[in-house]
Amino acid sequence: MAEIIAALDEKGANKLLATAIAIIGPKTKSGSGTLGPFVANYSITGTLTSGNVDLIPPNTIRIVDLRLDWSLSLSFGFDLSTILPDIHIPQVCIDIPCVGEVCTPEISIDWPTITIPVSFSDFLKTTADFQLAISLSGGKWKVEAVILAIPNLQFGATTVALLAAIGAAATIVLLPIPFIGPFLALAVDAILAVIAIGGVTGFLGPIITPFISGLRIPIYEQPQQFEVLPATSAVDPKVDIVLDLVAAEIQHNGLEDELVLTADISP
Amino acid sequence: MSLTEAEAVFASIHETALNDLLTAFFTDRPRYLVYGSPSFVPVTTVAETTMPAIAFPGVPGGIQWRIRLGIPSIDLFKQTMQLPPELSLDPGEFGVGLDVELCLDCHRLRIDPRPPREKPNERKEEKRPKDERHPLQEVTCCRLKVFAVGHLERVMTVTGEDAIVFAVDAVEIVDIKPDRLEAVLECLLFMILQAVFAEVRLPLRALRAGAFQLIPVVGPLIEDDRIKMRGNL
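Presented here is an overview of the structure given in this document. (Residues numbered from 1 in each chain as written. Chains lettered and ligands numbered in written order. Predicted model: local features only at pLDDT ≥ 70, side-chain atom pairs only at ≥ 80, totals over all residues. Heavy atoms only, no water.)

### Brief notes about the overall build of chain A
Then step 1. Counting secondary structure elements, chain A contains three helices and 15 strands.
Then step 2. The C-alpha radius of gyration of chain A comes to 30 Å, more than 25% above the 18 Å expected for a compact globule of 267 residues.
Then step 3. Along the longest, intermediate and shortest principal axes, the C-alpha atoms of chain A span 110 × 50 × 25 Å.
Then step 4. For chain A, buried positions account for 42% of its 267 residues.
Then step 5. Contacts in chain A between residues at least 24 apart in sequence constitute 66% of all its contacts with a sequence separation of at least 6.
Then step 6. In the structure as shown, chain A presents an accessible area of about 12,900 Å², 60% of it carried by carbon and sulfur atoms.
Then step 7. Charged side chains in chain A number 11 positive and 26 negative. The centres of these two groups are separated by 9 Å. (Helix = DSSP H or I, 4+ residues; strand = E, 2+ residues; numbered from the N terminus. Rg over C-alpha atoms; globule rule 2.2 N^0.38 Å. Buried < 20%, exposed > 50% of the residue type's maximum accessible area, 1.4 Å probe, protein only. Contact = heavy atoms within 4.5 Å. Areas by Shrake-Rupley, 256 points an atom, 1.4 Å probe, with all protein chains shown as cover. Lys, Arg positive; Asp, Glu negative; His and termini not counted. Charge placed at Lys NZ, Arg CZ, Asp CG, Glu CD.)

### Thoughts on unusual backbone geometry
Then step 1. Between Pro57 of chain A and the following residue, Pro58 of chain A, the backbone shows a cis peptide bond with an omega angle of 0°.
Then step 2. With respect to the helices and strands, Pro58 of chain A occurs in the loop between strand 4 (52-56) and strand 5 (60-79).
Then step 3. Positive phi outside glycine occurs at Glu5 of chain B, with the angle close to 50°.
Then step 4. Examined against the element boundaries, Glu5 of chain B turns out to sit in the segment before strand 1 (9-14).
Then step 5. A positive phi angle, close to 60°, is found at Asp175 of chain B, a residue other than glycine.
Then step 6. Among the secondary structure elements, Asp175 of chain B is positioned in the loop between strand 8 (162-173) and helix 2 (179-199).

### Digging into the interface of chain A and chain B
One widely used convention gives an interface's size as the accessible area the parts lose upon coming together.
Then step 1. Listed as interface residues are 44 residues of chain A and, on the opposing side, 42 residues of chain B.
Then step 2. For the chain A and chain B pair, buried surface summed over both sides reaches about 3,300 Å², with 64% attributable to carbon and sulfur atoms.
Then step 3. Our count for the contact surface shared by chain A and chain B stands at one salt bridge.
Then step 4. Inspection of the region where chain A meets chain B yields 21 residue pairs in polar contact (both at pLDDT 80 or more).
Then step 5. Only strand 1 (4-8), helix 1 (10-24), strand 12 (216-223), strand 13 (225-229), strand 14 (239-253) and strand 15 (256-266) of chain A provide two or more residues apiece to the side of chain A that touches chain B.
Then step 6. Here the side of chain A that touches chain B takes eight residues from strand 15 of chain A, the largest share from any one element.
Then step 7. Looking at the side of chain A that touches chain B, its residues break down into 27 nonpolar, seven polar and 10 charged. (Buried area = accessible area lost by both parts, 1.4 Å probe. Salt bridge = Lys/Arg side-chain N within 4 Å of Asp/Glu carboxyl O. Polar contact = N/O pair within 3.5 Å; in protein donor to acceptor, adjacent residues only side chain to side chain. Nonpolar A, V, L, I, M, F, W, Y, C, P; charged D, E, K, R; others polar.)

### So, the state of the cysteines
Then step 1. Under the definition given, this model contains two disulfides over all chains.
Then step 2. In this model Cys93 of chain A forms its disulfide with Cys103 of chain A; the gap between the sulfur atoms is 1.9 Å. On the S-S bond that ties Cys93 of chain A to Cys103 of chain A, the torsion sits near 110°, and the link is right-handed. Taken together, the positions of Cys93 of chain A in strand 7 (residues 93-96) and Cys103 of chain A in strand 8 (residues 100-103) put the pair 10 residues apart, joining distant regions of the chain.
Then step 3. Cys103 of chain A sits in the partly exposed class, given a relative accessible area of 34%.
Then step 4. Here Cys98 of chain A is not disulfide-linked; the sulfur of Cys103 of chain A is the nearest cysteine sulfur, at 18 Å.
Then step 5. Residue class for Cys98 of chain A comes out exposed when judged on its relative accessible area of 89%.
Then step 6. Unpaired in terms of disulfides, Cys142 of chain B finds its nearest cysteine sulfur in Cys103 of chain B, a separation of 7.6 Å.
Then step 7. Classification of Cys142 of chain B as partly exposed rests on a relative accessible area of 33%. (Disulfide = S-S within 2.5 Å.)

Written out as structure tokens, the structure reads:
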């Protein structure tokens, strides 16, 4: 039997993981992606909240209803040239007697790219399985719950809402453009309808998945040279022990599943 | 039966690891094992603790002494260490065995003559032959094997951490005659061991190697050769 044993029941594990996940805090990433003809630069912030923990022997921690609150700031570059033909009127010169050659100016209209900002926030819930990973690295023992596989993220109504938000933001930007504004707004709405839910899911998936796919939840972290007592005076130096071995597993004991951490020490 | 039983968190340490903790404590702070008056220990250092000499009229500088303890070995109930028949290990108790060395700096005293001699330089000859006389100065020591039993108490460390100490309840020295001399020495060591162990405050955090948080509701208990605690996160 191990020299030191510490154990948590599912209630304790719920509390521990809720705290550990809360400590991870909000994470932000940014990049760019394409949504149909649009190129979007994005910045997204995600915050995780633990759900219900189910301890499954010998080595699985399942979190049901793991929640990710995310807030997305999009900046769409909408190139008007994709729906309006560029206008190019070449120079025309006429030779007028007594006046000489008269030329009209060359006219080129290259439609600009209009930036459409969109902010959108939502959350999703998923069920994820984690495995206990134990490591000794850089003089520290760590036990982490590492996500086993990328869960299937269901966006559901989010996609419809995001499409609507993009359409509304585009309308606000495009409508004031003289003459062609209403036409452009209608054109964008038509494009969004073509992109549809599948397109938005394909856009959101790669952006949001990394918040969960690389998840490592810290459960235990202590230096191998473990301080029992700090130094309190010149004649009372600190007292250390060595954590020779740390292990962790899920055990079924009696009627309960428990997260059990063990350690062997030496002076 | 689950480890946590009705609580959310459980922690326990086996007596082997507990002895490793004590060894670490006394190795890093050996002064808690060695106490002596100034002729033995002039100043307190990491290695030794200085104490006053025992004042006694006519003994210049007092009686010089030193006590040196070995690193104690703890046995948590159930009993595996052999104890003297006078001691028994009951549920919830610990037994401990250790070596103790007691030393005195023994001096022959020069008696101040009264009334003063007529010839101050004249010394009175001692009648006892030289080889029978006590030396002028001699460090006299004895080594004892001491056993004790006790229980745990919850205390705070000097830095305010929740901790345990070993409270000594009874001490036994084997094979000293006459019995009353044994009783006197046991009384002396009972007081000394109580005081020494009261300084060895082991944080609950160390007893669970820093794993999880634990606000004790049940324990610390001694059972199955382990100290066990159960509580909330």
